[in-house]
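Breakdown of the fold
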Amino acid sequence: MVRTSLLTYLALGHALAAKCGQTAGQLTPVTNFGENPTGLDLQIYVPKNLQPNPAVILALHFCGGTGPLYSQMSNYNPLADARRNFVVLYPSTTHDNNCWDVASSKSLTRDAGGDTTSLANMVRWAISEYDADPSKVFVTGSSSGCMMSNVMAATYPDLFSAVSCYSGVAAGCLAGSPGASPTTADPTCANGDIRKSGAEWAAVLKAMYGNGPDGYTEGSYPKVQTWHGEADFFVNYPNLAEQLKQWSEVLGVSFSKNETDTPQSGYTKIVYGDGTKLVGYSARGVGHTVPVHPEADLQWFGI
C-alpha cells in the first residue's frame, strides 16, 4: 500500500513538472559550468540589478521533479527580485525517476564523479561567474533534495555555510542501496528503520569528506535547519530525529528546548544549543513534503 502511494507521488511530480516547466521562462540554462560526470542540467535565476558579491543558493528538487518546477514551488525568485542580493541555482537530474543519487559510493565521496561532483562544480562556477561571496553559499531542497542537501554538506562542507531542507534523511542513510528513488531504493531508510547513535551517524557523515575519521577540519561544517511532517509516510517521521542526532554530534550542540507554534501554528521548533547552529521543525498533521518556507530559509541564511 505504501509502495502504491509512492508511485502515485512520483507520477504527480512528473505531471506537475510538465505543467510548471512551461511557465518558468525567467530561468537561464547553463551548460558550461565545468565537469559534469553525471550529465545534470542547470538553470539559474538571476534578479535584475544584482548587487555586487551576491549569495548563492543551490535549490534541489524532489523525486520526479525538475529544477524549473522547484523554482515555481519554492518561491525564492520573487524574494531574489525584491532583495537583489542572491542568485538561485536550479539543477535537474533525469536519472532514477529524477531522484538525486544519495546511495552510490561515487556520490557519497568527495570528487569521486557522482552527482555531488557535478553539483559542486555548478556552485564553484556560480561563485566565479557572479563574483559571489564565498561565505554566503547555501543549499536547500525537498525530499530527495533534502537528502542531497545533507550529503552536499557532508562532501563539500567547505562550499556551504548553511543548510535548510525539507522531509529528508540523514547523510548516508541510503548508502549501498541499489537506488535512491521509491521504486529502486531499499525501503529501510525511508521507512525510518535505520537508527544509529549520534556518534555513529557523525562517523558516516565525516567519512564522506575523505580526510579520515575527523572529516572536515579546515573549517566548520555548515549550520543546519531541517523540517519534517509528523504525518509523513513517504519518508517517515523518525528520519527527523536521525538527522538531528547526526548534526548534533557533528556540530557539537545538544538539545536545549522546544518552541511551540513556531514559525506557525502546529509547528514545533526544536532548538539545539543557542539555536545558531542546529534547529529542527516538527510539523503536526503535515505529510510529505513540508511546504517550503522561503522567508524562514533566507532568515536562517542571513540574507
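For every chain, the first residue of the written sequence is number 1, and numbering continues from 1 onward in sequence order. Local features are withheld for residues below a pLDDT of 70 in this predicted model, meaning they are given only at 70 or higher, and side-chain atom pairs are given and counted only at 80 or more; totals for whole chains, interfaces and linings count all residues. Water and hydrogen atoms were dropped before computing side-chain values, which therefore reflect all heavy atoms in the structure.

The subject of this paragraph is the sheet that holds strand β8 (residues 255-260). Two strands qualify as a pair provided DSSP detects at least 2 bridges between them. Working definition: helices are DSSP H or I runs of at least four residues, strands are E runs of at least two. Numbering for both runs from the N terminus. Strands sit in the order β1-β2-β4-β3-β5-β6-β7-β10-β9-β8 across an open sheet of 10 strands; the sheet is mixed. One side of each edge strand has no neighbouring strand; the edge strands of this open sheet are β1 (28-30) and β8. Neighbouring strand axes in the sheet, compared pairwise and without regard to direction, differ in orientation by 20° on average. Bridging between β8 and strand β9 (residues 267-272) involves 5 bridges; their strand directions are antiparallel. Looking at the pairing, T260 lines up with T268 of β9. Set on the sheet, helix α2 (residues 67-74) makes contact with β2 (41-45), β3 (55-60), β4 (86-92) and β5 (137-142); between it and β4 the angle comes to about 135°. Any pair of residues with heavy atoms lying within 4.5 Å of one another is described as a contacting pair. Axes here refer to lines fitted to C-alpha atoms; in helices the fit is confined to the stretch in contact. Angles between the N-to-C directions go from 0 to 180 degrees. Helix-sheet contacts for helix α4 (residues 115-129) involve β1, β2, β3, β4 and β5, and the interaxial angle to β4 is about 155°.

Moving on to the side chain of N121. Its place among the elements puts N121 in helix α4. Residues in contact with N121, not counting those within four places in the same chain, are F33 and E35.

Of note, the amide linkage connecting T262 to P263 takes the cis form, showing an omega dihedral of 5°. At the junction of H288 and T289, the peptide bond is cis and its omega measures out at 5° in the coordinates. The topology assignment puts T289 in the loop between β10 (278-283) and α8 (294-301). Despite not being glycine, D111 shows a phi value in the positive range, around 55°.

Here D232 shows up in the loop between β7 (223-229) and α7 (238-251). Nearest to the buried, unbridged D232 among oppositely charged side chains is R195, at 13 Å. In protein, a polar contact means a hydrogen-donor-capable atom and an acceptor-capable atom, both N or O and within 3.5 Å, with residues adjacent in sequence counting only if both atoms are side-chain atoms; elsewhere, any N or O pair within 3.5 Å suffices. Within the local environment of D232, its side chain forms a polar contact with the side chain of H288, the two groups lying 2.7 Å apart. Aside from chain neighbours lying at most four places away, what touches D232 is S167, Y237, V286, G287 and H288. The buried label goes to any residue with under 20% of its type's maximum accessible area, the exposed label to any with over 50%, and the partly exposed label to all in between, with areas taken from a 1.4 Å probe on protein chains only. Just so you know, the count uses Lys and Arg for positive and Asp and Glu for negative, and it drops His and the chain ends. Any carboxyl oxygen of Asp or Glu within 4 Å of a side-chain nitrogen of Lys or Arg constitutes a salt bridge here.

Time to look at the pairing of strand β6 (residues 162-166). Within β6, 5 of the 5 residues are buried, which leaves the element mostly enclosed by the surrounding structure. Residues A162, S164 and Y166 of β6 are buried on one face, and the alternating residues V163 and C165, pointing to the opposite face, are buried as well. Handedness of the crossover joining β5 and β6 through helix α5 (residues 144-155) is recorded here as right-handed. Judged from the 5 bridges that link them, β6 and β7 form a sheet pairing that is parallel. From the neighbouring strand, Y166 faces β7, where its bridge partner is W227. Note on handedness: a clockwise path from strand one over the helix to strand two, with the strands aimed away from the viewer, defines a right-handed crossover.

Two descriptors summarise a pair of aromatic rings, namely the distance from one centre to the other and the angle between the planes of the rings. By convention, a stacked pair of Phe, Tyr or Trp rings (six-membered ring in the case of Trp) has centres within 6.5 Å and planes under 30 degrees apart, an edge-to-face pair has planes over 60 apart, and any other such pair is tilted. Enumeration over the complete set of coordinates arrives at 9 aromatic pairs. Here Y221 and W247 contribute two aromatic rings whose centre-to-centre distance is 6.4 Å and whose plane-to-plane angle is 65°, an arrangement assigned as edge-to-face. A residue pair is termed long-range when its members are at least 10 positions apart, and Y221 in the loop between α6 (198-207) and β7 and W247 in helix α7 qualify at 26 residues. Y221 gets classed as buried once you look at its relative accessible area, which sits at 10%. Residue W247 is classed as buried on the basis of its relative accessible area, which comes to 0%. For the ring pair W227 and Y281, a centre distance of 4.0 Å and an interplane angle of 20° mean the geometry is stacked. Note that W227 is positioned in strand β7 and Y281 in strand β10, a separation of 54 residues in sequence. Comparing W227 with Y281 shows no difference in burial state: the two are buried. Here the aromatic residues Y166, W227, Y267 and Y281 are joined through ring pairs into a cluster of three or more. The lysine or arginine in question, K196, covers the ring of W201, its NZ or CZ lying 5.5 Å from the ring centre. Note on criteria: charge over ring means Lys NZ or Arg CZ within 6 Å of the ring centre, with the direction from the centre no more than 35 degrees off the ring normal.

A few words on the state of the cysteines. Here, the term disulfide refers to a pair of cysteine sulfur atoms separated by no more than 2.5 Å. Applying the stated criterion across every chain yields a total of 3 disulfides. Through a disulfide, C63 is tied to C99; the S-S separation comes to 1.9 Å. Across the S-S bond of C63 and C99 the torsion is about 135°, and the bridge reads as right-handed. In this pair, C63 sits in the loop between β3 and α2 while C99 sits in the loop between β4 and α4, placing the two residues 36 residues apart along the sequence. The two residues C63 and C99 agree in class, both being buried. At a sulfur-sulfur separation of 2.1 Å, the disulfide partner of C173 is C189. The chirality of the disulfide connecting C173 with C189 is right-handed, given an S-S dihedral of about 125°. Taken together, the residues span a long stretch of sequence, with C173 in the loop between β6 and α6 and C189 in the loop between β6 and α6 at a distance of 16 residues. Relative accessible area serves as the criterion here: at 6%, C173 is assigned to the buried category. The class of C189 is buried, set by a relative accessible area of 1%.

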